[in-house]
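# Observations on chain architecture
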Amino acid sequence: MALTIGVDVGGTKIAAGVVDHEGRILDRTHRQTPAGNPEKVSLTIADAVSELAARHPVDAVGIGAAGFVDETRSVIRFAPNLAWREEPLREKIADLVGLPVFVENDANAMAWGEYRFGAGRGESHVVCVTLGTGLGGGIVLDGGLYRGRWGMGGELGHVQVQPGGRPCGCGNLGCWERYASGTALLAEARRNLEADPSSGSVLLRLAGSADGIRGEHVTAAAREGDPAALAAFHTMAEWLAQGFADLAATLDPGCFIVGGGVSEAADLFIDKVRSEFADRLVGRGHRPLAEIRVAELGPAAGVVGAADLARQR
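Here goes a summary of the coordinates provided. Nothing here was measured: the structure is a model prediction, and the numbers come from that model.

Looking now at the packing of helix 1 (residues 38-53) against helix 2 (residues 89-97). For the pair helix 1 and helix 2, the least separation of the axes is 9 Å and the interaxial angle reads 45 degrees. The orientation of helix 1 with respect to helix 2, classified from their angle, is oblique. The interaxial crossing formed by helix 1 with helix 2 has right-handed handedness. When helix 1 is examined against helix 2, the residues E39, S42, L43, I45, A46, V49 and S50 are found in contact with a partner set consisting of L89, K92, I93, L96 and V97. The class makeup of the residues in the contact of helix 1 with helix 2 is eight nonpolar, two polar and two charged.

Shown next, in the form of structure tokens:
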């Protein structure tokens with residue numbers, strides 16, 4: 001079966017891999033992302049692809065990138081972290097590497113990878129969220145990736161959950177990712193510490209100071225039973241559950257998948273998400289309860305999903 005290359009373009013790293021038809025990564029490489037220079041980003045992607053293509057007979061390239069991708073899956077309309085504005089990425093990379101290229105939103109690529117080869121196997125209706133700096137989303141309905149009329153559907157992190165709420169980098173207020181993400185978790189832990197310094201003694205010991213707190217400190221402190229850190233995870237779980245309940249009322253998926261860096265600490269919050277979701281679901285007790293699963297492919301999901309989408313195309 002044909003081999004394809006998947007590329008996951010992040011704000012700091014470009015990861016690429018050669019993927020077979022069963023979702024196995026046979027070879028991989030990575031580069032640092034020159035995020036402030038769109039031309040250099042394209043050249044860096046092409047360099048990674050060319051390295052892998054020189055070692056394997058590949059038929060196509062799939063690229064997953066954070067941002068709004070147009071309905072033709074070729075132009076990045078807007079990518080806040082990569083300085084892309086109306087960027088004809090498919091054409092540029094195809095010209096540079098001499099292969100067919102397919103461009104997709106990174107969260108969509110991750111969702112497709114999990115649907116095909118990870119936690120979504122066996123389901124035809126899947127909603128996937130990625131918890132990292134922000135909250136990304138991907139939706140599979142009836143076995144197909146849902147993109148919307150203009151190709152920009154699935155931006156779940158920017159659904160407003162709190163009118164007049166916390167400012168978001170997108171320019172709006174109260175977006176879901178300001179309450180459920182790695183950034184939100186960190187901010188919540190700091191708020192808890194400010195409200196009651198005695199509740200975060202472990203957190204302070206690990207971080208050295210409130211200003212020094214990072215995500216890994218919140219996770220480690222929660223594992224040691226630190227009240228401020230545990231409360232931050234519980235608050236994030238409540239916001240996730242409410243979002244899932246709203247999405248269940250709208251889309252009625254068979255399962256939700258939680259991925260991204262924060263999902264590595266899923267043991268600290270996933271049971272809370274499941275119980276709160278069951279309590280908040282409209283029609284509860286009179287409808288099937290969608291499963292809430294933890295992603296299985298880890299950081300490889302975007303590469304695998306992008307490669308498989310290129311193969312399907």
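Packing of helix 3 (residues 106-117) against helix 9 (residues 301-312) brings their axes to within 7 Å, and their N-to-C directions diverge by 80 degrees. Compared by their axis directions, helix 3 and helix 9 come out roughly perpendicular. Here A109, M110, W112, G113, E114, R116 and F117 of helix 3 lie close against helix 9, whose contacting residues are A301, G302, V304, G305, A306, D308, L309 and Q312. Within the contact of helix 3 with helix 9, the residues separate by chemical class into eight nonpolar, four polar and three charged.

Here we take up the environment of G212. Looking at the element boundaries, G212 is found in the loop between helix 5 (201-207) and helix 6 (215-223). Taking the C-alpha atoms as reference points, G212 and Y179, 33 residues apart in sequence, are found 21 Å from one another. If we ignore the near neighbours within four places in the chain, the residues touching G212 are A207 and H217.

Strands sit in the order 5-6-7 across an open sheet of three strands; the sheet is antiparallel. Edge positions in the sheet fall to strand 5 (68-69) and strand 7 (84-87), since each has one partner strand and no second. Bridge count for strand 6 (residues 76-79) against strand 7 is three bridges, and the pairing is antiparallel. Residue pairing in the sheet places A79 in a bridge with W84 of strand 7.

A few words on the pairing of strand 6. Remember that side chains alternate between the two faces of the sheet whenever the strand is regular. Note that strand 5 and strand 6 share two bridges and pair antiparallel. The residue bridging F68 from the neighbouring strand is F78, located in strand 6. Counting the residues that bridge the hairpin from strand 5 to strand 6 gives six residues, and of these R73 lies at a positive phi of roughly 55 degrees. In this structure, the hairpin formed by strand 6 and strand 7 is closed by a connection of four residues, where A83 is found at a positive phi of approximately 65 degrees.

Calculation criteria
- Every residue gets a number counted from 1 within its own chain, in the order that chain's sequence is written.
- In keeping with the predicted nature of the model, local features appear solely for residues at pLDDT of at least 70, side-chain atom pairs appear and are counted solely at 80 or more, and the whole-chain, interface and lining totals rest on all residues.
- Hydrogens and water molecules were not included; the side-chain quantities draw on all heavy atoms of the structure.
- Interaxial angles span 0 to 180 degrees and are taken between N-to-C directions of axes, which are lines fitted to C-alpha atoms, for helices over the stretch in contact.
- Numbered from the N terminus, helices here are DSSP runs of H or I no shorter than four residues, and strands are runs of E no shorter than two.
- In this scheme, roughly parallel covers angles under 35 degrees and roughly antiparallel covers those over 145, while 65 to 115 is roughly perpendicular and the rest are oblique.
- By definition, any crossing whose near helix is turned counterclockwise from its far helix by less than a right angle is left-handed, and any crossing with a clockwise turn is right-handed.
- In this description, contact between two residues means that some pair of their heavy atoms is separated by no more than 4.5 Å.
- Amino acids outside the nonpolar list (Ala, Val, Leu, Ile, Met, Phe, Trp, Tyr, Cys, Pro) and the charged list (Asp, Glu, Lys, Arg) are all regarded as polar, and Gly is one of them.
- Note on pairing: DSSP must find at least two bridges between two strands before they are called paired.

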